[in-house]
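The chain contents come next:
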Amino acid sequence: MATEAETDEEEVKEVEGAEEVKEAEKAKEKPGTKTEEATRRVMESIKDQVEKSLLGKIEEKEVDVVPEALVIGGGIAGMYAALDIADAGFKVHLVERLPSIGGHMAQLDKTFPTLDCSACILTPRLVDVGAHPNINLMSYSEVVGVEGSIGNFKVKVLKKAKYVDEATCTGCMMCEDACRLKGRFPNEFDLGLMKRAPIYRPFPFAIPASYTIDSETCLMIKKGKCGKATLESTAEARGKKERGEEVTKNEAPPCVLACGPNCINHDMKDEIVEINVGGIIVATGYDIIEPECMPEYKYGVYPNVVNGLEFERYSSASGPTMGRILIGDMPEPKDAVFLSCVGSRNSQTGYEYCSRVCCMYIAKQAHLLQEKVPSCNITVLYQDVRAFGKGFEEFYDRVRGEGLSYRRGLASEIYKKPGSDRVIVRAEDTMLGEPIEIEADLVILGVGLKPSEGMDKLLEMMGVPRTSDNFAKEAHPKLRPVDTDVAGVFVTGCAQGPKDIPDSVAQAKGAAGAILAVLARGKASVGPVVTEIEEETCIGSMSLIEMAEKIGA
């Protein structure tokens, strides 16, 4: 039998238990009470114990920031980002994979909606970048390795051999004119519409202003011989020229003989350059969607079916026809058709997004065609007209009021008119609800934009995720549009998504401001790196579980 003392103690416990229950019930009714505080303290205690036992004390630490920046991509966005950072007094390494900077904007004739000459407004910026003392311009180069974190990124850059000394080349064109294979190979800047020599400068106002030798087409580099000259004799000839001695035509190739500054060196090699930077801006730009993804439009089959970028080169005064719309052997067109949304907004091609610029550059090109060939009848077949920017709607209204025919409906196919060089565009006018066929001498495909070649490998190298459309994924689409999930790495221009020139420039200046905030502070906070295993993707997850069970973990 229980003693009297034990009975009293049990009664006290029952009373205390009842009081605790009442307090708990009251706590549920009133948020922020003692129960919630107690729960919070317990959770924090558990968290601290886990961190202490497994990770140690988790603290962010501050590191010194290398006061230099890297900009990858020398298009209009990369150029403006580099200039803003350089003007603030910090050194910038601008890496461009092509021999010259300027990107696709350098290929354009005019820009919408103001119809400014592209070369006129771009060339001063090219010169500014090339002459800025704080910009290390690394053209014909690619990023091949990225390590480290915010404040101290270690970057490896493959600097491909140009076989011409940039510092002494004057861009005099003598070497190109003297080359045995002059005008034999497609010029990439003109999309193959013009020919170039193995030693070339992409376009007349290119920066850097020096020449580049294409190792795939140069006889001396590819075969070790050009005419009777060999690599050994050419090296000796260069030495003679430096000493002012006479060189015969059999000792060196024509380009070396014609080069006054003696800056051509066929023995140059690729090199890896390592640089340390505090932050990185990705401005790799875009490529156009291949029109071949829609074979019903017969691009590459019919010579009078061209893409929008090719039309820009035909329209440009520096292009293959010096601004006249002369495609192949055909006269100026009497009837022309523009097709919108070629490749874009199409699940069958894999590019389901809107490329944003196509509607407006089609309107611009239609205006330019009418200006250059006033007698041409122009029809625009569209899906929707998305004139979203400042002055875009007004420009679209202006073009539509110039006598052009805008008809709603996408083309289903293009075929050749029997016995003629003309083609027939078959479509449906969705406003009238009836099929139509339009004869044309020229068809211009309004192709969309896609991420530039190699961007996927670059982003993977830096740990930056991609969107479902394969563009770089920003940290937040609204509030952090230039940041990425990797601290210290920023994205701008068409690397982040399709956009026009003003939006690219605005975003580039925003990215420059973001990286300047890091560089100017001089310190950066770096959190701990915690490794986690994704069991769904790890091929060894089952064996790890089994091992854990064996050791009793």
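Residues numbered from 1 in each chain as written. Predicted model: local features only at pLDDT ≥ 70, side-chain atom pairs only at ≥ 80, totals over all residues. Heavy atoms only, no water.

When you look at the overall build of the chain in this model, what are you seeing that I'm missing?
The number of helices and strands found in the chain is 14 helices and 28 strands. Counting only residues that meet the buried cut, the chain has 46% of its 553 residues in that class. Across the chain, contacts joining residues at least 24 apart in sequence account for 65% of those joining residues at least 6 apart. About 28800 Å² of surface is accessible on the chain, with carbon and sulfur atoms providing 52% of the total. (Helix = DSSP H or I, 4+ residues; strand = E, 2+ residues; numbered from the N terminus. Buried < 20%, exposed > 50% of the residue type's maximum accessible area, 1.4 Å probe, protein only. Contact = heavy atoms within 4.5 Å. Areas by Shrake-Rupley, 256 points an atom, 1.4 Å probe, with all protein chains shown as cover.)

Where do I start with the packing of aromatic side chains in this structure?
This model, assessed by the stated rule, comprises nine aromatic pairs. Centroid distance F189 to F203: 4.4 Å. Interplanar angle 25°. Geometry classified as stacked. With a gap of 14 residues between them, F189 in the loop between β9 (185–186) and β10 (195–196) and F203 in the loop between β11 (199–200) and β12 (212–213) connect regions that are remote in the sequence. In this structure, F189 and F203 share a single accessibility class: buried. (Phe/Tyr/Trp six-rings, centres within 6.5 Å; stacked < 30°, edge-to-face > 60°.)

What exactly am I supposed to notice about the state of the cysteines here?
Think of a disulfide as a covalent bridge from one cysteine sulfur atom to another cysteine sulfur atom. Enumeration over the complete set of coordinates arrives at zero disulfides. No disulfide involves C175; its nearest neighbouring cysteine sulfur is the one of C172, lying 5.9 Å away. Judged by relative accessible area, C175 falls into the buried class, the value being 8%. (Disulfide = S-S within 2.5 Å.)

Got a minute to help me understand the sheet that holds strand β8 (residues 152–159) in this structure?
In a beta sheet, neighbouring strands are held together by backbone hydrogen bonds and run either parallel or antiparallel to one another. Strand order in the open sheet made by the three strands is β7-β8-β15, with antiparallel pairing throughout. The two strands at the open ends of the sheet, each matched to only one other strand, are β7 (141–149) and β15 (271–277). Pairwise comparison of adjacent strand axes, ignoring direction, gives a mean angle of 20° for this sheet. In this structure, β7 lies alongside β8, joined through eight bridges in antiparallel fashion. Across the sheet, residue G145 finds its bridge partner in β8, namely K156. (Pairing = 2+ DSSP bridges. Axes fitted to C-alpha atoms, helices over the stretch in contact; angles between N-to-C directions.)

Looking at this model, I keep getting lost on the environment of M461. Mind explaining?
Here M461 is to be found in helix α12 (residues 455–462). Residue classification places M461 among the partly exposed positions, given a relative accessible area of 29%. Taking the C-alpha atoms as reference points, M461 and E147, 314 residues apart in sequence, are found 8.4 Å from one another. Beyond its immediate stretch of four places on either side in the chain, M461 contacts V143, V144, G145 and V146.

Whenever I open this one, the packing of helix α3 (residues 76–87) against helix α4 (residues 118–131) confuses me. Can you help?
A pair of packed helices is characterised by two quantities: the angle between their axes and the separation of those axes. Packing of α3 against α4 leaves a shortest axis separation of 10 Å and a crossing angle of 50°. Considering the angle they form, α3 stands oblique to α4. Here α3 and α4 pass one another in a crossing that is left-handed. In this structure, α3 contributes I76, M79, Y80 and L83 to the contact, and α4 contributes L122, R125, L126, D128 and V129. In terms of residue class, the contact of α3 with α4 is made up of seven nonpolar, no polar and two charged. (Parallel < 35°, antiparallel > 145°, perpendicular 65-115°, else oblique. Left-handed = near helix turned anticlockwise from the far one by under 90°. Nonpolar A, V, L, I, M, F, W, Y, C, P; charged D, E, K, R; others polar.)

Any chance you could explain unusual backbone geometry here in plain terms?
Trans is the common state for peptide bonds, and a negative phi is the common state for residues other than glycine. P113 follows F112 through a cis peptide bond whose omega is 0°. Take P113: it is sitting in the loop between β4 (110–111) and β5 (116–117). The amide bond that connects I207 to the next residue, P208, takes the cis arrangement and shows omega of 0°. Tracing the backbone through its elements, the reader meets P208 in the loop between β11 and β12. Positive phi is not limited to glycine here, since K298 has a value of about 60°. Looking at the secondary structure, you find K298 in the loop between β17 (286–288) and β18 (305–307). The backbone phi angle of M322 is positive, close to 55°, even though this residue is not glycine.

Help me understand helix α7 (residues 231–243), please; the structure alone is not making it clear to me.
In an α-helix, one turn spans 3.6 residues, which is why side chains three or four residues apart end up on the same side. Taking 1.5 Å per residue as the helical rise, α7 with its 13 residues ought to reach 18 Å, and the 19 Å between its terminal C-alpha atoms agrees with that figure. Within α7, burial applies to S233, T234, A237, R238 and G239. Buried residues in α7 make contact with α6 (219–223), β14 (229–230) and α8 (254–258). Immediately beyond the C-terminal end of α7, within one or two residues, lies G244, with a positive phi of roughly 85°. (Expected span 1.5 Å × (residues − 1).)

Function cannot be read off these values alone, since they describe shape.
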